[in-house]
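# Coordinate inspection notes
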Amino acid sequence: MASGRAVDSVEAVFREEWGRLLATLVRWLGDFDLAEEVAADALATAIERWPVDGVPDRPAAWLLTTARRRAVDLLRRRQTYAAKLAVLRVEAERAAAEGNSAPPPQPDAIGDDRLRLFFTCCHPALGSEAQVALTVRYLGGLSTAEVARAFLVPETTMAQRLVRAKRKIREAHIPYRVPDAVELPNRLPAVLRVVYLIFTESYAASRGPELVRGDLADEAIRLARILFRLLPEEREVAGLLALMLLIDARRAARTDSSGGLVLLADQDRGRWDQAEIEEGRTLVVQALSGGRPGQYALQAAIAALHDEAATVETTDWPQIVALYNVLRTVAPSPLVDLNRAVAVAMVDGPAAGLALLEDAAAAGELVNYHLLSSARGALLEQLGRHVEAADAYRAALNAAGNQPERDFLRQRLDRAVRSGSAADGAQRPGR
Amino acid sequence: MRYLLLIYSEEPTQTPPQEQIEASMAEWWAYDEAIRKAGARLAGDALQGSPTATTVRVKDDGERVVTDGPFAETREVLGGYYLIDVPDLDGALEWAASCPGAKYGSVEIRPVMELGM
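Being a predicted model, the structure only gives us computed values, none of them experimental.

## Notes on the overall build of chain B
Broken down by element type, chain B carries three helices and three strands. When the helices and strands of chain B are read in sequence order from the N terminus, they spell out α-β-β-α-α-β. In terms of overall dimensions, chain B has a C-alpha envelope of 50 × 40 × 30 Å along the principal axes. Residue pairs in contact within chain B that sit at least 24 positions apart in sequence constitute 59% of those at least 6 positions apart. Per element, the accessible surface of chain B, about 9500 Å² overall, is 55% carbon and sulfur. Charged side chains of chain B number 10 positive and 20 negative; the gap between the two group centres comes to 8 Å.

## Brief notes about the sheet that holds strand 2 (residues 64-68) of chain B
Residue and element names in this part refer to chain B. Within the open sheet, the three strands sit side by side as 2-1-3. Their pairing is antiparallel. Whereas interior strands pair on both sides, the edge strands pair on one side only; in this sheet they are strand 2 and strand 3 (107-109). Sheet twist, expressed as the mean angle between neighbouring strand axes with direction ignored, is 25°. Docked against the sheet, helix 2 (residues 89-98) engages strand 1 (54-58), strand 2 and strand 3, running at close to 35° with respect to strand 1.

## Focus: the domain arrangement of chain B
As assigned here, chain B comprises domain 1 (16-45) and domain 2 (50-109). Domain 1 of chain B and domain 2 of chain B are separated by 28 Å when their C-alpha centres are compared.

## Structural notes on helix 15 (residues 334-348) of chain A
Residues and elements named next belong to chain A. Over its 15 residues, helix 15 runs 20 Å from end to end, which matches the ideal 21 Å to within 8%, given 1.5 Å per residue. Along helix 15, the residues that are buried comprise Pro334, Val336, Leu338, Arg340, Ala341, Ala343, Val344 and Ala345. One or two residues past the end of helix 15 sits Gly349, with phi positive at roughly 100°.

## Comments concerning the side chain of Arg269(A)
Residues and elements named next belong to chain A. With respect to the helices, strands and loops of the structure, Arg269 is situated in the loop between helix 11 (235-248) and helix 12 (274-288). As a buried residue without a salt bridge, Arg269 has its nearest oppositely charged side chain in Asp307, at a separation of 7.0 Å. From its side chain, Arg269 meets the backbone oxygen of Ala309 in a polar contact 2.9 Å long. When residues no more than four places from it in sequence are discounted, the contact partners of Arg269 are Leu264, His306, Ala309, Ala310, Thr311, Val312 and Thr315.

## Remarks on the pairing of strand 2 of chain B
All names here are of chain B. As judged from the five bridges shared by strand 1 and strand 2, these two strands associate in the antiparallel manner. Within strand 2, the position partnered with Val58 by the bridge is Arg64. As consecutive antiparallel partners, strand 1 and strand 2 are separated by five residues, and within that stretch Gly62 has a phi angle of approximately 90°, a positive value.

## Focus: the packing of aromatic side chains
Residue and element names in this part refer to chain A. All chains considered together, the criterion is met by four aromatic pairs over all chains. Pairing Tyr196 with Phe199 gives two aromatic rings, centres 6.4 Å apart and planes at 15°, and the pair type is stacked. One end of the pair is Tyr196 and the other is Phe199, both in helix 9 (residues 184-203) and three residues apart, which spans about a single turn. For the residue pair Tyr196 and Phe199, the accessibility class agrees, reading buried in each case. Summarising the aromatic geometry, the rings of Tyr196 and Tyr296 are spaced 5.5 Å apart at their centres and angled 75° between planes, so their arrangement reads as edge-to-face. A residue pair is termed long-range when its members are at least 10 positions apart, and Tyr196 in helix 9 and Tyr296 in helix 13 (residues 295-308) qualify at 100 residues. On the accessibility criterion, Tyr196 (17% relative accessible area) is buried. Clustering of aromatic rings is evident, with ring pairs tying together Tyr196, Phe199 and Tyr296. A cation over a ring is seen here: Arg250 above Trp272, with NZ or CZ 5.6 Å from the ring centre.

## Notes on the nonpolar core
All names here are of chain A. Core analysis: the biggest nonpolar cluster contains 118 residues, and Leu25, Leu29, Leu117, Val195, Leu227 and Met244 have the highest contact counts within it. If we ignore the near neighbours within four places in the chain, the residues touching Leu117 are Gly19, Leu22, Ala23, Phe32, Tyr138, Leu139 and Tyr176. One finds Leu354, Leu357, Leu366 and Ala389 within the second-largest nonpolar core, a separate group that totals 21 residues.

## Some details on the pairing of strand 1 of chain B
Residue and element names in this part refer to chain B. In terms of burial, strand 1 is largely enclosed, as four of its five residues are buried. Strand direction decides the pairing type here: strand 1 and strand 3, joined by three bridges, are antiparallel. Residue Thr54 lies in a different strand from strand 3, and its bridge partner there is Ile109.

Cut-offs applied
- Residues numbered from 1 in each chain as written.
- Chains lettered and ligands numbered in written order.
- Predicted model: local features only at pLDDT ≥ 70, side-chain atom pairs only at ≥ 80, totals over all residues.
- Heavy atoms only, no water.
- Helix = DSSP H or I, 4+ residues; strand = E, 2+ residues; numbered from the N terminus.
- Contact = heavy atoms within 4.5 Å.
- Areas by Shrake-Rupley, 256 points an atom, 1.4 Å probe, with all protein chains shown as cover.
- Lys, Arg positive; Asp, Glu negative; His and termini not counted.
- Charge placed at Lys NZ, Arg CZ, Asp CG, Glu CD.
- Pairing = 2+ DSSP bridges.
- Axes fitted to C-alpha atoms, helices over the stretch in contact; angles between N-to-C directions.
- Domains from an automatic or database assignment.
- Expected span 1.5 Å × (residues − 1).
- Buried < 20%, exposed > 50% of the residue type's maximum accessible area, 1.4 Å probe, protein only.
- Salt bridge = Lys/Arg side-chain N within 4 Å of Asp/Glu carboxyl O.
- Polar contact = N/O pair within 3.5 Å; in protein donor to acceptor, adjacent residues only side chain to side chain.
- Phe/Tyr/Trp six-rings, centres within 6.5 Å; stacked < 30°, edge-to-face > 60°.
- Lys NZ or Arg CZ within 6 Å of the ring centre and 35° of its normal.
- Core = buried A, V, L, I, M, F, W, Y, C linked by side-chain atoms within 4.5 Å.

Pasting the structure below:
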């Protein structure tokens, strides 16, 4: 029992402290692989020792000291790393000289290293998939196997992706530092994009049996919280955290008991997470205050309007359209046009929405996007154009990824086909 | 007259056996010595592999587009080079992005292999 508790607390500390531990070790050692190895060793030692010796008062500092000792051991053994040992000593001395209470430094004093790690993992010279994988693995602390599962690729593929990314960081000398104030506006969006990508993958898995991947959503929100603590003044960080909380609040209501998709209109709003909504709304205000709003703040404001409404009908659709109009100027994208078209349909009727959807489709980028076809199908149905609606649902089915979405589209297709033939039958005698 | 010799080869997917590496290195050293002795060599370096490459383009509106990998368009041909010495990739990205070549096409950044370390 005692050992069970200790192992649990090892895992809790592991999840919470892994990013900090690794970030500091990378700075000291200048080597991801070595940092990873000694961090894992320190964790293994903790799992062995804590059940016997008890959990130390400052678990993070204990882990850091253990990892550092292990690094020194390894460096002494590997002759080729002699130069790095010198670097390690210099860094340790410098940390001490900077006023930390001698090594190991206080965990609070080392928090900033995670920000370096964010900017290295999300460096534009790395491919998008690599950025996401590195961030989830090294800041989130998911194991390679967990990251692979989360993104539905074989573990060997994910391991290779991480190895290649680390090799590029090392060989191309991607720096390990926080961009200065001048660079920050150019570099922060990439970090936010990676965190949001993790969340969007969770929101509607691109493949697989599940609609919502709760583990990934939690992870993205946790990463955004870390960023928000590290960069409290950056309004878009607040905006992104708000956006994810306000969408995640609906998680429990988005699927029925058998895992099927439930549309916003049909969701049991009593099951929405009020605590997340409250937190998100507070953050939205902060994100929207004091200057031109960013894209995440605007999207969060839209999500907040949905969350505040008692029903789809009483939702403030005109305000949502207005926010989409601003969003189109701040961050134009075919996806924004698609969502705006749906909102316009709620204000001005399905014909107006459909016209905008056709424009969005004509732009070309969303041709194979199932949500565009699905939205067209819904509006065509409302207009009584069932045969065209069925075609749209068929196109959506050809492109849809996860099983619940496919099941939903199949139902809609069947309904449109039935209505279409019923309409035909009704019309024929009249002709 | 100065000429630039551009060396192309297939990248091995696996590390070749040690004796093969040594035999190949011996060839390169012999060539390097010969070209130095003849007084023909002005400069020469081995580059890190293509997975370490980063490509920079600057759009008409000034936006800098950085991509992972060597992604020259097929109709783009090598037009020139600069060998630079900066602390890290960010330094190289700065010079690449301010190079007129990034506006008219693309600039590929490849780290030079530091031998004998």
